[in-house]
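# Report on the structure
Spelled out from the first residue to the last, the chains are:
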Amino acid sequence: MTAKSTREHLIDVGLGLMHQNGYKATGLTDILEAADVPKGSFYHHFVNKEDFAAAALERYGMREREHAASVLTDTSTPPLKRLRRYFSDLVKLYGQKGAIPGCMLGRFGLEIAAESPQLRNRISASFGHWQQTIAAVVAQAVVQKELPASTDAESLAGFLLNSWEGALLRSQVDKSNVPLELFVSTVFNGILTREFKGNAAIGKTISKPSN
């Protein structure tokens with residue numbers, strides 16, 4: 001195995017373990033045994049477990065960005081339809097029937113972000129990019145008159161992302177997809193419509209004041 005492939009193999013194996021079990025419950029020995037790689041090879045590529053976790057988070061974020069792009073940049077489909085398909089995909093991927101339920105960013109954010117500035121910055125950057133990706137689709141929906149012209153795309157995208165992460169956490173606690181299904185139904189049958197009048201109920205910043 002080449003040096004490059006050893007590093008990639010370690011990240012792939014460790015990412016799966018950390019996503020499933022969390023940062024603290026995944027020991028270096030667990031990663032080395034699962035990857036069948038000696039400790040010396042690990043330290044050839046990574047300073048410590050925290051440095052490795054940052055690389056795993058970057059890989060996770062890259063995969064999520066690729067998935068989002070494959071769905072959300074398909075301009076042959078109307079923006080809100082794309083967005084609904086995207087979140088429906090996430091329910092399948094990270095809901096209770098997914099290979100590894102839950103969001104790695106959310107798990108790490110709760111578990112280790114307060115203790116590690118390095119990982120906190122990585123998680124924050126990933127959430128920021130994710131929000132911008134959603135905001136771009138919301139902005140397209142405004143241009144195509146699927147949403148009111150007064151809609152603040154960035155604020156609404158932040159609300160959607162925060163609500164999704166909350167629903168995912170509740171889904172993990174309840175061991176049920178009901179919170180995720182409620183999120184999708186409420187968002188796409190109510191909030192993301194031209195007829196929705198309840199912007200004040202979810203934050204005044206979501207709609208820009210009219211001139």
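The structure contained in this document is the topic of the report that follows. (Residues numbered from 1 in each chain as written. Predicted model: local features only at pLDDT ≥ 70, side-chain atom pairs only at ≥ 80, totals over all residues. Heavy atoms only, no water.)

## Description of the overall build of the protein chain
Put simply, the rule is: Under the scheme used here, helices are H or I runs from DSSP no shorter than 4 residues and strands are E runs no shorter than 2 residues, and both carry numbers assigned from the N terminus. To sort residues, take the accessible area from a 1.4 Å probe on protein chains only and compare it with the maximum for the residue type: under 20% means buried, over 50% means exposed, and anything in between is partly exposed. Only heavy atoms enter the contact rule, under which two residues are in contact if any of them lie within 4.5 Å. All accessible areas in this document rest on Shrake-Rupley with a 1.4 Å probe, and a residue is counted as covered only by the protein chains that are shown. Charged residues are defined here as Lys and Arg on the positive side and Asp and Glu on the negative side; His and the ends of the chain fall outside this count. Note that the charge is assigned to NZ on lysines, CZ on arginines, CG on aspartates and CD on glutamates.
For the protein chain, the count of helices and strands is 10 helices and 0 strands. Mapped in sequence order, the helices and strands of the protein chain form the string α-α-α-α-α-α-α-α-α-α. Its C-alpha atoms put the protein chain at 65 × 35 × 30 Å along the principal axes. Considering the protein chain as a whole, with its 211 residues, one finds that 45% of them fall into the buried category. Look at the contacts in the protein chain between residues 6 or more apart in sequence, and 66% of them connect residues 24 or more apart. Total accessible area computed for the protein chain in this model is approximately 10,900 Å², and 54% of it derives from carbon and sulfur atoms. Charge separation in the protein chain, taken as the distance between the mean sites of 24 positive and 21 negative side-chain charges, equals 6 Å.

## Section: the nonpolar core
Heads up, the condition is: Grouping buried Ala, Val, Leu, Ile, Met, Phe, Trp, Tyr and Cys residues that are joined through side-chain atoms within 4.5 Å yields what is termed a nonpolar core.
Formed by 61 residues in total, the largest nonpolar core has its most connected members in Leu83, Phe87 and Leu192. Mapped onto this core, the elements with two or more residues apiece are helix 1 (3–21), helix 2 (28–35), helix 4 (49–72), helix 5 (79–94), helix 6 (104–111), helix 7 (117–143), helix 8 (153–174) and helix 9 (178–191). Sorting elements by how many residues they give to this core places helix 4 first, with 10 residues. Once residues lying within four places of it in the same chain are set aside, the contact partners of Leu192 are Leu80, Leu83, Leu147, Leu156, Leu160 and Val187.

## Thoughts on a nonpolar patch on the surface
The test is simple: Patch membership requires over 30% relative accessible area and the absence of a salt bridge. Like charges are linked within 9 Å, and nonpolar side chains (Val, Leu, Ile, Met, Phe, Trp, Tyr) within 5 Å. Salt bridge, as applied in this entry: a Lys or Arg side-chain nitrogen positioned within 4 Å of an Asp or Glu carboxyl oxygen.
A cluster of nonpolar side chains, contributed by Leu110, Leu169 and Val173, occupies part of the molecular surface with about 330 Å² of accessible area. Tracing the backbone through its elements, the reader meets Val173 in helix 8.

## Some details on helix 4
Our working rule: Each residue after the first adds 1.5 Å to the expected span of a helix. As used in this structure description, the phrase polar contact means that two N or O atoms lie within 3.5 Å; if the pair is within protein, one of them must be able to donate a hydrogen and the other to accept it, and residues adjacent in sequence are counted only when both atoms belong to side chains.
An ideal rise of 1.5 Å per residue puts 34 Å on 24 residues; helix 4 measures up with 34 Å between its terminal C-alpha atoms. The N-cap of helix 4, judged by a side-chain oxygen 3.2 Å from the amide nitrogen of Glu50 a few residues on, is Asn48.

## Details of helix 7
Helix length check: helix 7, at 27 residues, gives a terminal C-alpha distance of 38 Å against a target of 39 Å (1.5 Å per residue), a fit within 8%. The set of residues buried in helix 7 consists of Leu119, Ile123, Ser126, Trp130, Ile134, Ala135, Val137, Val138, Ala141 and Val142. Among the structural elements, helix 4, helix 5, helix 6 and helix 8 are those in contact with the buried residues of helix 7. Two residues or fewer past helix 7, Lys145 is found with a positive phi of approximately 65°.

## As for the environment of Ala139
Checked against the element boundaries, Ala139 lands in helix 7. Of the residues examined, Ala139 reaches a relative accessible area of 32% and is grouped as partly exposed. Counting along the chain gives 14 residues from Ala139 to Ala153, while the straight-line C-alpha distance between them is 5.4 Å.

## Comments concerning the packing of aromatic side chains
We apply this condition: Aromatic rings from Phe, Tyr and Trp, taking only the six-membered ring of Trp, are treated as a pair when their centres fall within 6.5 Å; an angle between ring planes under 30 degrees marks them as stacked, one over 60 as edge-to-face, and anything in between as tilted. Lysine and arginine charges are scored as sitting over a ring when NZ or CZ, respectively, is within 6 Å of the ring centre and within 35 degrees of the ring normal.
Per the stated rule, a full pass over the model turns up 12 aromatic pairs. Pairing Phe42 with Phe52 gives two aromatic rings, centres 5.5 Å apart and planes at 45°, and the pair type is tilted. Within this pair, whereas Phe42 is found in helix 3 (residues 39–45), its partner Phe52 is found in helix 4, the two being separated by 10 residues in sequence. This pair shows no difference in class: Phe42 is buried, exactly as Phe52 is. With a centroid separation of 6.3 Å and an interplanar angle of 50°, the aromatic rings of Tyr60 and Tyr94 are classed as tilted. Of the two residues, Tyr60 sits in helix 4 while Tyr94 sits in helix 5, which places them 34 residues apart along the sequence. Like Tyr94, Tyr60 is buried. Grouped by ring-pair contacts, the aromatic residues Tyr86, Phe87, Trp164, Phe183 and Phe188 constitute a single cluster. Over the ring of Tyr23 we find Lys49; its NZ or CZ atom is 4.3 Å from the centre of that ring.

## Points about the packing of helix 5 against helix 9
As a reminder, the rule being used: Between N-to-C directions, angles cover 0 to 180 degrees, with each direction set by a line fitted to C-alpha atoms, over the stretch in contact for helices. Put simply, angles under 35 degrees are roughly parallel, angles over 145 are roughly antiparallel, angles from 65 to 115 are roughly perpendicular, and the rest are oblique. Note on residue categories: nonpolar means Ala, Val, Leu, Ile, Met, Phe, Trp, Tyr, Cys or Pro, charged means Asp, Glu, Lys or Arg, and polar means any other residue, Gly included.
Remark: helix 5 packs on helix 9, axes separated minimally by 10 Å, with the N-to-C direction vectors making an angle of 175°. By the angle class used here, helix 5 and helix 9 are roughly antiparallel. Of the residues in helix 9, those touching helix 5 at Leu80, Leu83, Arg84, Phe87, Ser88 and Val91 are Leu180, Phe183, Val184, Phe188 and Asn189. Across the contact of helix 5 with helix 9, the residue classes break down as 8 nonpolar, 2 polar and 1 charged.

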